[in-house]
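Chain by chain, the residues:
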Number of protein chains: 2
Amino acid sequence: MGGTNTVFGIVDNEGQVLSKGSIKTSTHADINLYIDELHSELSKLIDTVGKENIKGIGVGAPNGNYYSGNILFAPNLPWKGEIHFAKLMTDKFGIPTALTNDANAAAVGEMTYGVAMGMKHFIMITLGTGVGSGIVIDGKVVYGHDGFAGELGHVIAVRDGGRMCGCGREGCLETYASATGVARSAQEIMKMTTKPSLLHNISLDKITSKDVFDAAMCGDEVAKEIFEFTGKILGECLADFVTFSAPEAIVLFGGLSKAGDLILKPIVEHMEKNMLDLWKGKVKVLFSNLKEADAAVLGASALVWEM
Amino acid sequence: MGGTNTVFGIVDNEGQVLSKGSIKTSTHADINLYIDELHSELSKLIDTVGKENIKGIGVGAPNGNYYSGNILFAPNLPWKGEIHFAKLMTDKFGIPTALTNDANAAAVGEMTYGVAMGMKHFIMITLGTGVGSGIVIDGKVVYGHDGFAGELGHVIAVRDGGRMCGCGREGCLETYASATGVARSAQEIMKMTTKPSLLHNISLDKITSKDVFDAAMCGDEVAKEIFEFTGKILGECLADFVTFSAPEAIVLFGGLSKAGDLILKPIVEHMEKNMLDLWKGKVKVLFSNLKEADAAVLGASALVWEM
């Protein structure tokens, strides 16, 4: 479930997405009407395989809490306060439902079907509109005391004079290492630079991370510098994350990871530079190998195996 | 085991330290001679209860690795390279031996006998000559992929222009929030300040954290400012640690924690200020309630219950 769309699908026990569909998340101000539409659409898919063959429903949602099954104060969703989402789903569908936040679901998906298969210790970082994270220790997602562990998009990456974050604080990693963060970096850097750049052709408040990527792929030096800056800040933070849980790998997923080496090289360089000697050269940084279109559905569905 | 002394004891299943002893760590350049002396001294204690009543030996040592039972490149120990300490102990004593680093041992002790009893999620921070940490998630110490997880003294607290750390990098939390760090802060602040202070009576390169504490207890404003500065940096880092594992509590232990409210107040103030709204007011900051003289022995011994 995202702020705009909800994508759903039927996944078999080998991680094949058998069928898929989607509805708009944002059109229903009433959660019950949303559940009604979801039920109506998803039931069509369920009927094709038979309800008796559905082991459970897994949901990845912003601010989803694994312990309670509730969605709490999600700024990008139309429903305010605390939504008892797992219970509403279980009641409506008559199928057991597990819920977690989208980045935790991505981590479970990566561990079950993706590049982290067989790993017991890794950190998933989702680089989308925001920055999310799912931390796996001893083969299990870390939920913490309250179910909200792993909000690494909100560690303070720039302590003094950092950028304003949607969470109300300043300097959060998310304000630098997300697609939005890249756009903000582009605006800041373009204001200052006198170097020639393709990005001068775009009005400052319209530049997107996609524009920066396209320019960088054409060899634009300023665009590359923007990715270098982004990768440096993310790499520095990753070094601190390693200090915490000593993972085998960091797995990157989401829009920004499409930038490939443009972002990977500075990430690895600055992570290595900032790590304790004992970890240098030993922690892999990997891109997810799941198809982005399927990854959300796969991740959420994999929650069901943990039920 | 510390760089200077090794303290050992017999602990019963209720956490009573039945007897204690110590030898010098630093006098034996040869690890085998150290083990010989330890065997000779510890055997006296073992004989008083009978070897058949000893379930195991637990060791907390700098750079101790739980998985391998080895001590790796510990800068403050006389033995270089990789020491197969648990194996050497098991062979010598004929008793199974478990080893971990000192801060992890402290966390196990706190969970088994101390203020974290019954907690499933907490972070132990040891504020001694350096800063160590032991992270507990789901009731288990986090060792990570390689056994070295939880080196939170080496997250970068001050990103640009931070203090030189013994690890070779700059700005580590340990260079600010340890006893040594407080002394360094005192030197820096005393150089700059024109305010009256008892600390002016001590030559700059001789000031210790104890001097700062004594002055602060006499109401010295500059000394209080030094603790305020220390607590601010630690509190900011703790807020980031909460983002990672969402613990029920942070438990502080070691020399600096004797400063009580002088250090606790700024820690809590700046941790609260820097946390995401969802955690504000919900994460306890507690001092260990174990007697410092016993805590190291209790923590190490508690490892045996996990064997």
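Computed from a predicted structure; not experimentally measured. Every residue gets a number counted from 1 within its own chain, in the order that chain's sequence is written. All chains are assigned letters beginning with A, and all ligands numbers beginning with 1, in the order in which they are written. In keeping with the predicted nature of the model, local features appear solely for residues at pLDDT of at least 70, side-chain atom pairs appear and are counted solely at 80 or more, and the whole-chain, interface and lining totals rest on all residues.

Observations concerning the packing of helix 7 (residues 221–245) of chain B against helix 8 (residues 261–274) of chain B
All names here are of chain B. Helix axes use the C-alpha atoms of the stretch in contact, all axes being lines fitted to C-alpha atoms, and the angles between their N-to-C directions lie in the range 0 to 180 degrees. Secondary structure elements follow DSSP: runs of H or I of four or more residues count as helices, runs of E of two or more count as strands, with numbering from the N terminus. One can describe the packing of helix 7 onto helix 8 by two numbers: an axis separation of 7 Å at closest approach and a directional angle of 40°. The orientation of helix 7 relative to helix 8 falls into the category oblique. Seen along the crossing, helix 7 lies across helix 8 with a hand that is right-handed. Taken together, the residues of helix 8 that come into contact with helix 7 (itself represented by Lys224, Phe227, Glu228, Thr230, Gly231, Lys232, Leu234, Gly235, Glu236, Leu238 and Ala239) are Leu262, Ile263, Lys265, Pro266, Ile267, Val268, Glu269, His270, Met271 and Asn274. Any residue that is not Ala, Val, Leu, Ile, Met, Phe, Trp, Tyr, Cys, Pro, Asp, Glu, Lys or Arg is counted as polar, Gly included; the first ten are nonpolar and the last four charged. Split by residue class, the contact of helix 7 with helix 8 holds 10 nonpolar, five polar and six charged. We call two directions roughly parallel when the angle between them is under 35 degrees, roughly antiparallel when it is over 145, roughly perpendicular when it lies between 65 and 115, and oblique otherwise. Take the far helix as your reference; a near helix turned counterclockwise from it by less than a right angle gives a left-handed crossing, and one turned clockwise gives a right-handed crossing. For every residue pair, C-beta atoms are placed from the backbone, and the pair is scored as a contact if these atoms sit within 7 Å.

Focus: the domain arrangement of chain A
Throughout, the edges of the domains are those of an automatic or database domain assignment. You can read the domains of chain A as domain 1 (5–106 + 294–306) and domain 2 (118–289). In terms of residue count, the dominant contributor to the side of domain 1 of chain A that touches domain 2 of chain A is helix 3 (residues 102–113) of chain A (four residues).

Some thoughts on the interface of chain A and chain B
On the side of chain B, 30 residues touch chain A, which itself brings 30 residues to the contact. Looking at the side of chain A that touches chain B element by element, the count peaks at five residues for helix 7 (residues 221–245) of chain A. Looking at the side of chain A that touches chain B, its residues break down into 14 nonpolar, nine polar and seven charged.

With respect to the nonpolar core
In summary, soluble globular proteins display a tendency toward joint burial of nonpolar side chains. One finds Val212(A) and Val212(B) to be the most contacted residues of the largest nonpolar core, which totals 188 residues. When sequence neighbours within four positions are dropped, the list of residues in contact with Val212(B) reads Val182(B), Ala186(B), Leu199(B), Ile207(B), Ala223(B) and Ile226(B). Remark: nonpolar core denotes a set of buried Ala, Val, Leu, Ile, Met, Phe, Trp, Tyr and Cys residues whose joining runs through C-beta atoms within 7 Å. Using C-beta atoms placed from the backbone, we call a residue buried if 20 or more other C-beta atoms fall within 10 Å of its own, exposed if 12 or fewer do, and partly exposed for counts in between.

What about the environment of Met275(A)?
Residue and element names in this part refer to chain A. Here methionine 275 shows up in the loop between helix 8 (261–274) and strand 11 (284–287). On the basis of neighbour counts, which here come to 22 C-beta atoms within 10 Å, the residue methionine 275 falls in the buried class. Remark: the alpha-carbon pair of methionine 275 and glycine 150, spanning 125 residues in sequence, is separated by 20 Å. With residues near it in sequence (within four places) discarded, methionine 275 still touches Ala239, Val242 and Lys280.

A word on the pairing of strand 8 (residues 131–137) of chain B
All names here are of chain B. Across the seven residues that make up strand 8, a large majority, seven, are buried. Taking every second residue as pointing to the same face, both faces of strand 8 are buried, with Val131, Ser133, Ile135 and Ile137 on one and Gly132, Gly134 and Val136 on the other. In terms of strand pairing, strand 7 (residues 122–127) meets strand 8 through six bridges, oriented antiparallel. By the bridge assignment for strand 8, leucine 127 is matched with valine 131. When DSSP finds two or more bridges between a pair of strands, those strands are recorded as paired. Following strand 7, the chain reverses through three residues before pairing antiparallel with strand 8.

Thoughts on the environment of Asn104(A)
Residues and elements named next belong to chain A. Structurally, the position occupied by asparagine 104 is in helix 3. Placed 195 residues apart in sequence, asparagine 104 and glycine 299 show a C-alpha to C-alpha distance of 8.1 Å. Not counting residues up to four positions away in its chain, the partners in contact with asparagine 104 are Tyr66, Gly134, Val141 and Gly150.

Digging into the relation of the copies chain A and chain B
Overlaid copies result from least-squares superposition on C-alpha atoms, with residues included only where pLDDT is at least 70 in both. For the pair chain A and chain B, the relating rotation is 180°, the translation along its axis is 0.0 Å, and the fit reaches an RMSD of 0.0 Å. Interpreted geometrically, this transformation is the action of a two-fold axis.

Structural notes on unusual backbone geometry
Backbone geometry places Asn63(A), a non-glycine residue, at a positive phi of 55°. Residue placement: Asn63(A) occurs in the loop between strand 3 (57–60) and strand 4 (71–72).

What to know about the sheet that holds strand 9 (residues 140–141) of chain A
Residue and element names in this part refer to chain A. Overall, mixed pairing links the five strands, which are arranged 9-8-7-10-11 in an open sheet. Because the sheet does not close on itself, it has two edges, and the strands there are strand 9 and strand 11. In the sheet, strand 8 (residues 131–137) pairs with strand 9 via two bridges, with the strands oriented antiparallel. In the sheet register, isoleucine 137 faces strand 9, and the bridge partner there is lysine 140.

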